[in-house]
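Overview (structure and organization)
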Amino acid sequence: MSQYSKQEGRITGRPGFSRLRMLADSDKALGWIFVLPFLVLWCWWFFYPFVQSFVRSFQDANFAALGQAKFIGLENYINILQDKLFYEAVWHSLEIVIISVPVQTFLGLSLAILVNKKLKGKGIFRTVFFVPYITSQIAITTVFMMLFKKGTFLTDFFGKFGFGDVTWFADTRYALLFVCLLFIFQNSGFTMIVYLSGLQEVPKDLYEAGEIDGASGWNKFRFITLPYLKPITFFIVSVTTIVGFQIFDQIAAISRYGALGSPAGATSTVVTYFYQHGIRYMNIGYGSAAVVLFFIIIMLITFLQKKLLDEKG
Amino acid sequence: MAGSKKRFSLIVTVLLVIAVALSACGGKNNESGNGNKPGTDTGNVKKVTVNMGFWGTAQDLKIYQDAAKAISGEYPEIDLKIKQYPSSEQFWNTLPGEIAAGVAPDLIAVSNEGAYEYIDKGLFAPLDDLIGKAGVDLGRFTPSALNIWKVNDKQYGIPASSMPAMFLINEKLWKDANLGDYPKTWDDVKAAATKLNSDKSHGIIINIDAYHITNYVKSFGGGWGNGKTINSPENVQALEFIIDMFKDGLAVTPKSLGFGWDGEVFSNEKGAMTTGGYWYKPYLKDANPDLKFAAVPVPKGTVEGSTMISNAYVVLKDSKNQEAALKAANYLTNDTVQTQFLDIGYNTAVASLSKQYFEKNPEFKDIEPALAYSTDFGYPADTKRFIDELVKQVENRVLGGSNKTAKEILDSIQEQFK
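Reading guide: rules and limits
- Residues numbered from 1 in each chain as written.
- Chains lettered and ligands numbered in written order.
- Predicted model: local features only at pLDDT ≥ 70, side-chain atom pairs only at ≥ 80, totals over all residues.
- Heavy atoms only, no water.
- UniProt positions renumbered as here; feature names shortened; annotations may be inferred.
- Helix = DSSP H or I, 4+ residues; strand = E, 2+ residues; numbered from the N terminus.
- Phe/Tyr/Trp six-rings, centres within 6.5 Å; stacked < 30°, edge-to-face > 60°.
- Buried < 20%, exposed > 50% of the residue type's maximum accessible area, 1.4 Å probe, protein only.
- Lys NZ or Arg CZ within 6 Å of the ring centre and 35° of its normal.
- Salt bridge = Lys/Arg side-chain N within 4 Å of Asp/Glu carboxyl O.
- Domains from an automatic or database assignment.
- Buried area = accessible area lost by both parts, 1.4 Å probe.
- Polar contact = N/O pair within 3.5 Å; in protein donor to acceptor, adjacent residues only side chain to side chain.
- Nonpolar A, V, L, I, M, F, W, Y, C, P; charged D, E, K, R; others polar.
- Contact = heavy atoms within 4.5 Å.

In this structure's numbering, the residues bearing the UniProt feature "domain: ABC transmembrane type-1" (unreviewed entry) are residues 90-305 of chain A. Span residues 90-305 of chain A is 74% helix and 0% strand, its end C-alpha atoms 18 Å apart.

Turning our attention to the packing of aromatic side chains. Residue and element names in this part refer to chain B. Inspection of the entire model under this criterion finds 58 aromatic pairs over all chains. On the basis of an interplanar angle of 80 degrees and a centroid distance of 5.1 Å, the ring pair of Phe91 and Trp92 is categorised as edge-to-face. Each of the two residues, Phe91 as well as Trp92, counts as buried. The cationic tip of Arg140 hangs over the ring face of Phe141; the distance from NZ or CZ to the ring centre is 5.4 Å.

Here the focus is the pattern of salt bridges. Residue and element names in this part refer to chain B. Per the counting criterion, the structure on display carries 23 salt bridges over all chains. A salt bridge links Asp176 to Lys172, with the nearest nitrogen and oxygen atoms 3.0 Å apart. Of this pair, Asp176 and Lys172 are both found in helix H7 (residues 171-176), four residues apart, which corresponds to roughly one turn of the helix. Exposure class is identical for Asp176 and Lys172. Each is exposed. Put simply, Lys281 and Glu363 hold a salt bridge, and the shortest N to O gap is 3.3 Å. Of the two residues, Lys281 sits in helix H12 (residues 280-287) while Glu363 sits in the loop between helix H16 (357-360) and helix H17 (383-398), which places them 82 residues apart along the sequence.

This brings us to the domain arrangement of chain A. Residue and element names in this part refer to chain A. Each assigned domain of chain A is listed here: domain 1 (4-56) and domain 2 (76-312). Computed over C-alpha atoms only, the centres of domain 1 and domain 2 are separated by 37 Å. In total, about 450 Å² of surface goes out of reach between domain 1 and domain 2, with carbon and sulfur atoms giving 74% of it. Its largest share of buried area at the contact with domain 2, domain 1 owes to Phe50, Ser53 and Arg56, together 83% of the area lost on that side. Between domain 1 and domain 2 we count zero salt bridges in total. Summed over the shared surface of domain 1 and domain 2, the result is zero residue pairs in polar contact (both at pLDDT 80 or more). A class-by-class count of the residues in the side of domain 1 that touches domain 2 yields two nonpolar, one polar and one charged.

Residue and element names in this part refer to chain B. For chain B, the assigned domains read domain 1 (40-163 + 310-367) and domain 2 (166-306 + 382-416). Each partner contributes residues to the interface: domain 1 has 24 residues there, and domain 2 has 15 residues. Of the roughly 1,700 Å² buried at the junction of domain 1 and domain 2 (both faces included), carbon and sulfur atoms supply 56%. Among the residues of domain 1 in contact with domain 2, Glu113, Glu117 and Phe364 are the three that bury the most area, contributing 29% of the side total. At the boundary of domain 1 and domain 2, one finds two salt bridges. Applying the counting rule to domain 1 against domain 2 returns seven residue pairs in polar contact (both at pLDDT 80 or more). Counting residues per element, the ones that place at least two in the side of domain 1 that touches domain 2 are helix H3 (88-101), helix H4 (112-120), strand E7 (158-164) and H16. Among the residues forming the side of domain 1 that touches domain 2, the class breakdown is 10 nonpolar, seven polar and seven charged.

Residue and element names in this part refer to chain A. Here the UniProt feature "transmembrane region" (unreviewed entry) sits at residues 29-48, 96-115, 127-148, 174-196, 228-248 and 284-304. The span residues 96-115 carries 100% helix and 0% strand; its end-to-end C-alpha distance comes to 27 Å. Between the C-alpha atoms that bound residues 127-148 there is a distance of 25 Å. The span itself is 86% helix and 0% strand.

All names here are of chain B. Within the secondary structure layout, Glu98 lies in helix H3. Given the relative accessible area of 9%, Glu98 is considered buried. At 2.6 Å, the side chain of Glu98 and the side chain of Lys83 are in polar contact. Ignoring anything within four residues of it in the chain, the contact list for Glu98 reads Lys83, Tyr85, Val103, Ala104 and Pro105.

Take a look at the structure:
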């Protein structure tokens with residue numbers, strides 16, 4: 001039995017008490033030790049590269065000769081902000097987020113409510129809806145590409161609603177919409193699972209009290225369920241927004257054998273813009289500046305989302 | 001009880017940290033990349049690992065793997081490791097990152113289509129000083145192939161193959177349409193495409209890709225001139241022809257049909273004609289063994305012209321084993337290995353063997369005259385940026401509904417590559 005005096009902040013027990021044991025008994029120290037592996041990896045894989053990217057963004061740096069990189073101040077930033085392709089890429093990223101995030105959120109909530117009910121075989125439904133999220137993105141993209149080829153039943157079906165019977169990912173009018181559909185399909189299982197965990201946390205007695213007061217099903221959902229799910233909604237909207245901005249694999253698969261962002265730049269996003277300049281053209285200084293701007297954009301949007309949800313609540 | 005739980009957690013966490021640290025350090029000694037072991041004693045021979053990277057077919061891989069097993073017969077000090085990249089696109093996109101991270105191969109098999117950018121940026125080692133030491137006999141290779149890999153009087157590659165681009169025709173569809181001789185000019189092609197166009201198959205496949213566009217450009221007497229002649233009248237004329245073929249509904253892109261490249265469309269018999277290369281032979285053998293095709297030189301626009309694609313073994317500048325890498329390249333260009341490549345459709349750059357090429361690959365016999373006039377690609381030094389811009393603008397015109405003329409497209413690209 002250790003005798004650690006919190007008041008005095010020192011060991012008062014038997015002599016020879018090991019420092020390790022003292023460390024193990026300290027909640028604060030133990031907390032740090034638990035997060036240490038993650039912290040080390042996070043610093044190594046995220047923080048250090050980010051700092052390096054930030055430094056590179058002020059340099060004329062090429063992959064081929066990193067040793068010859070030279071400081072050029074804000075030139076990379078000025079060039080990016082003068083490049084209309086950058087704005088095109090930002091707009092495409094925003095389009096993906098604006099279209100996909102509300103649909104995913106709504107779809108996730110609807111599915112969660114559905115599978116939260118006392119249904120026969122709801123376990124199967126849960127699995128079916130969640131499978132796309134854990135399946136390889138390239139595999140799903142390839143399947144979608146087969147489904148949305150000219151002459152398939154899907155393009156034929158959409159053709160009845162004014163869409164052309166064309167290969168969607170090869171048509172500049174529909175290629176971005178195709179990416180959005182893919183993203184919605186893949187991610188809705190994730191939003192469903194998160195909402196489901198939230199739904200199961202809502203206290204049952206609140207619903208019972210609502211029923212006693214004569215609240216309708218809609219009113220119970222509006223005044224009990226939704227407010228309870230607010231932090232979950234914020235989490236979902238933030239995460240799917242960030243993931244939406246980071247979409248890359250699907251676009252790379254669509255652009256197979258062609259220029260990234262194909263067809264004709266219709267699916268270029270901020271990430272593909274960075275990849276093209278930073279990696280493909282080896283201009284890592286310019287690419288890093290794009291990444292820093294990208295980081296600022298995501299930060300701003302997340303901040304705005306939080307503010308908006310806080311005000312609404 | 002709570003204290004012992006905490007101590008247990010602490011031990012587990014410490015073990016986890018140690019495991020993470022060990023696994024993080026563990027990658028240092030792997031054998032990939034040019035950060036490999038400069039020399040390891042194995043018995044009496046000091047072994048040097050040479051990592052070789054390439055993209056290609058399963059048949060190529062088999063030849064390389066067999067060569068890697070046999071190399072110790074001639075070079076006991078070399079341990080040759082083969083790494084296959086999934087596609088040329090993957091290869092060219094991955095290589096810069098690998099070079100920056102110090103894990104790129106020592107030796108790579110590359111085509112001249114993307115090489116100039118890397119030579120210009122100083123990523124490939126000039127081989128002149130190493131050739132003598134490694135015992136490479138440049139006299140064995142055809143001068144035209146050697147010259148493609150000579151930039152500013154420095155030799156950057158040991159050529160493995162060189163072959164002109166070609167024009168491929170589906171024999172059955174051609175005969176079914178009662179067409180006579182194979183086309184010699186683009187006008188012939190246009191006339192044939194009109195007859196070949198049907199519900200099941202398109203007249204011609206035009207892949208919106210720099211390789212294919214460049215062949216049209218060369219057949220109209222044009223070329224990119226390393227960025228100096230992008231908007232030349234000849235190039236404009238060639239691009240106008242391509243755009244007109246789409247406007248007239250005679251051409252289709254692989255993408256519009258949901259395919260990745262022209263070979264897939266051709267093997268599925270969804271297109272009757274296409275520009276292509278010798279790699280169609282091994283590809284079609286796997287994809288559609290029953291398909292009969294004819295190969296003729298790229299049709300004439302205003303002149304006889306097409307691209308010459310040449311593969312070579314190139315040593316990376318950052319390789320720690322440049323001499324050993326060049327010895328490996330020398331081995332891979334020996335008569336035994338090159339004969340194997342010859343058998344699967346590569347026209348070897350080894351002059352003495354090249355004579356047998358058209359005997360062993362009779363389907364390519366008609367291409368022989370094109371060896372005399374086919375030339376290098378001549379892309380600008382910023383090759384990938386140029387290719388992306390060209391593809392994007394032409395895609396926008398063909399697939400995106402842009403109204404830009406061929407001249408406007410090439411003028412705007414020229415503006416970026418002054």
